[in-house]
Amino acid sequence: MRILRLTGAVEKRLLAARERQDVQTEKVAAKIIADVRRRGDTALCSWTKKLDGINFSRSGMWVSPREIEEAQKSVSADFLRAVKHAIANVRKVAEKQLPRSWSMEVETGVSVGQMVRPIETIGCYIPGGKSTLLSTLIMTAVPAQVAGAKRIVVVCSRPNHELLAAAGILGLSEVARIGGAQAVAALAYGTKAIPRVDKLFGPGNRFVTAAKQLVTRDCAIDLPAGPTEAIVIASKGNPAWIAADLLAQAEHAPDAASILVTTSARLARAVQHEVAAQLEKLPHTNPANVSLKTAGVILLAASGDAAFNFVNRFAPEHLSLPQSKTAALKKIAAAGTVFVGPWAAQALGDYTSGSNHVLPTGGWARRRGGLSAADFVKCISVQTIGRNGFKRLAGDVRVLARAENLPAHENAVAVRE
């Protein structure tokens, strides 16, 4: 990893690198979406065979119940225990996040409330490239279940035994062997084989991310989840532990960004050495070998305030404060998730801490937080107005309606008087 001084020019370069629009990727995604909308399952099968090498005439598009049962039998007891542990913790957090129904009397005769209803049909996109991320299934399906979704449709181009075993534990039966922009299009618009969903969840590669953004006019999505980002802020601490966190996120993809921000040149050099040493122990095919060279960096900040100011402008997906107490959280204005203390390894949040790992990237943490159970429900307002309440409101409504030149609005009140 390079060591650079955190200057205005360096910051501008880092921020600009995330804002470049990938026009070519959007063109490819748009072409695939249009084809699936036009030709349905024929296009879905064709693109899946071309891009993923999967022939549905041999494997079938849908995973069978028997395959899910066999997968549960094939995995180890340790794996099953670990999955159940993760599910239990994610469920606890999701139950706490779920919005509640409420009602209040605004004034005499006027009650306003909220009722919470689930989004009925959910699509869970699970990356299935070099690594099939079964943890993403837990992070999307569990809050959907807590919210009360009636139907959960899972798509993954290469659902391995571990993913299918996790699906079985969760009681999920609809798992399709599709991925990429073609899977996004099928879920967003529906085909004969794939049901149309109300909202689509889960991260993917740049084509999946582009496709999700393109279908948002017709299908809701969770958030734009682009390349992984991790920042560690520290002026002291265990260099090996810091390096390990940076490497853990760097191995997600060749364009993942892992950054240490520090005021200590000594720590910068120590972490740089540790990253190189630990990287040597990973397979040469690990994406971290590329991402740390292209997007990884150690930034020397002039002060602690400068470090925190940069982080808030960057708004990273993952942020670690290994040496800090919870008081440091007051300085954080934008981040997807924050890990406090030296024992808070970022990998714990990826799997079993209970916090959701589907998080905003590309600066979206300035606008919203990570995925929660609230993303799987609709909060519907309810207004109950009686005769006395009507009398208290009517006069002012007529005044305001006249001010906006909306006579039918005024009349809707006047006819009741």
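For the structure, see preceding data.
Residues numbered from 1 in each chain as written. Predicted model: local features only at pLDDT ≥ 70, side-chain atom pairs only at ≥ 80, totals over all residues. Heavy atoms only, no water.

## Section: the overall build of the protein chain
Here's step 1: A count of helices and strands for the protein chain gives 17 helices and 14 strands.
Here's step 2: Its C-alpha atoms put the protein chain at 80 × 60 × 45 Å along the principal axes.
Here's step 3: In the protein chain, the proportion of contacts linking residues at least 24 apart, taken out of those at least 6 apart, comes to 72%.
Here's step 4: For the protein chain, the distance from the average site of its 53 positive side-chain charges to the average site of its 34 negative ones is 2 Å. (Helix = DSSP H or I, 4+ residues; strand = E, 2+ residues; numbered from the N terminus. Contact = heavy atoms within 4.5 Å. Lys, Arg positive; Asp, Glu negative; His and termini not counted. Charge placed at Lys NZ, Arg CZ, Asp CG, Glu CD.)

## Some details on the packing of aromatic side chains
Here's step 1: Throughout the structure, instances matching the rule amount to three aromatic pairs.
Here's step 2: Taken together, a centroid distance of 3.9 Å and an interplanar angle of 10 degrees make the contact between Phe201 and Phe376 stacked. Linking Phe201 in strand S7 (residues 199–201) with Phe376 in the loop between helix H15 (346–351) and strand S14 (377–385), this pair joins segments that are 175 residues apart in sequence.
Here's step 3: Classification of Phe201 as buried rests on a relative accessible area of 0%. (Phe/Tyr/Trp six-rings, centres within 6.5 Å; stacked < 30°, edge-to-face > 60°. Buried < 20%, exposed > 50% of the residue type's maximum accessible area, 1.4 Å probe, protein only.)

## Thoughts on the packing of helix H3 (residues 41–52) against helix H9 (residues 180–189)
Here's step 1: Running from amino to carboxyl end, H3 crosses H9 at an angle of 155 degrees, the nearest separation of the two axes being 8 Å. It follows that H3 is roughly antiparallel to H9 by the angle criterion. Judged by the sense of rotation from one axis to the other, the crossing of H3 with H9 is left-handed. Of H9, the residues touching H3 (which contributes Leu44, Trp47, Thr48, Leu51 and Asp52) are Gln182, Ala183 and Ala186.
Here's step 2: In terms of residue class, the contact of H3 with H9 is built from five nonpolar, two polar and one charged. (Axes fitted to C-alpha atoms, helices over the stretch in contact; angles between N-to-C directions. Parallel < 35°, antiparallel > 145°, perpendicular 65-115°, else oblique. Left-handed = near helix turned anticlockwise from the far one by under 90°. Nonpolar A, V, L, I, M, F, W, Y, C, P; charged D, E, K, R; others polar.)

## Digging into the side chain of Asp222
Here's step 1: Note that Asp222 resides in the loop between strand S8 (220–221) and strand S9 (229–233).
Here's step 2: A polar contact of 2.8 Å, which involves the side chain of Asp222, links it to the backbone nitrogen of Gly202.
Here's step 3: If sequence neighbours within four positions are ignored, Asp222 has contacts with Lys199, Leu200, Phe201, Gly202, Lys212, Val358, Arg368 and Leu371. (Polar contact = N/O pair within 3.5 Å; in protein donor to acceptor, adjacent residues only side chain to side chain.)

## As for the sheet that holds strand S2 (residues 102–107)
Here's step 1: Taken in spatial order, the three strands make up an open sheet running S2-S3-S14, and their pairing is antiparallel. Since the sheet does not close on itself, it has two edges, and those belong to S2 and S14, each with one partner. Shown here is a sheet whose adjacent strand axes are inclined to one another by a mean of 20 degrees, direction ignored.
Here's step 2: Across nine bridges, strand S3 (residues 110–118) lies against S14 in antiparallel orientation. Across the sheet, Val110 pairs through a bridge with Ile385, a residue of S14.
Here's step 3: Strand contacts of helix H16 (residues 387–403): S2, S3 and S14, with the helix running at about 95 degrees to S14, the strand carrying the most contacts. (Pairing = 2+ DSSP bridges.)

## Some remarks on the nonpolar core
Here's step 1: By size, the foremost hydrophobic cluster in this structure holds 45 residues, and its most contacted members are Ile122, Leu137, Ile138, Val154 and Leu172.
Here's step 2: Elements represented by at least two residues in this core include exactly helix H5 (65–74), helix H6 (77–97), strand S4 (121–125), helix H7 (134–147), strand S5 (151–155) and helix H8 (161–170).
Here's step 3: With nine residues, H7 is the single largest residue contributor to this core.
Here's step 4: Leaving out residues up to four positions away in the same chain, Ile138 has contacts with Val83, Ala86, Ile87, Val90 and Pro143. (Core = buried A, V, L, I, M, F, W, Y, C linked by side-chain atoms within 4.5 Å.)

## A closer look at the sheet that holds strand S12 (residues 318–321)
Here's step 1: In spatial order, the strands read S1-S11-S10-S9-S12-S13; together these six strands make up an open sheet with parallel pairing. Because the sheet does not close on itself, it has two edges, and the strands there are strand S1 (2–5) and strand S13 (337–340). Pairwise comparison of adjacent strand axes, ignoring direction, gives a mean angle of 20 degrees for this sheet.
Here's step 2: Sheet topology places S9 next to strand S10 (residues 257–262); five bridges connect them, and they run parallel.

## Overview of unusual backbone geometry
Here's step 1: A positive phi is found at Ala315, a non-glycine position, where the angle reads about 55 degrees.
Here's step 2: A relative accessible area of 0% places Ala315 in the buried class.
Here's step 3: Phi at Asn405 takes a positive value of approximately 60 degrees, unusual for a residue other than glycine.
Here's step 4: Position of Asn405 among the secondary structure elements: in the loop between H16 and helix H17 (407–414).
Here's step 5: Since its relative accessible area comes to 65%, Asn405 is described here as exposed.

## Considerations on the packing of helix H2 (residues 23–39) against helix H10 (residues 206–214)
Here's step 1: Where H2 meets H10, the axes come as close as 9 Å, and the angle between the chain directions of the two elements is 65 degrees. H10 is crossed by H2, and the crossing has right-handed handedness. Judged by residue contacts, Thr25, Glu26, Val28, Ala29, Ala30 and Ile33 of H2 engage Arg206, Phe207, Ala210, Ala211 and Leu214 from H10.

## Here's the deal with H10
Here's step 1: Along H10, the residues that are buried comprise Val208, Thr209, Ala210, Ala211 and Lys212.
Here's step 2: Where H10 is buried, its residues meet H2, S4, H9, S7 and S8.

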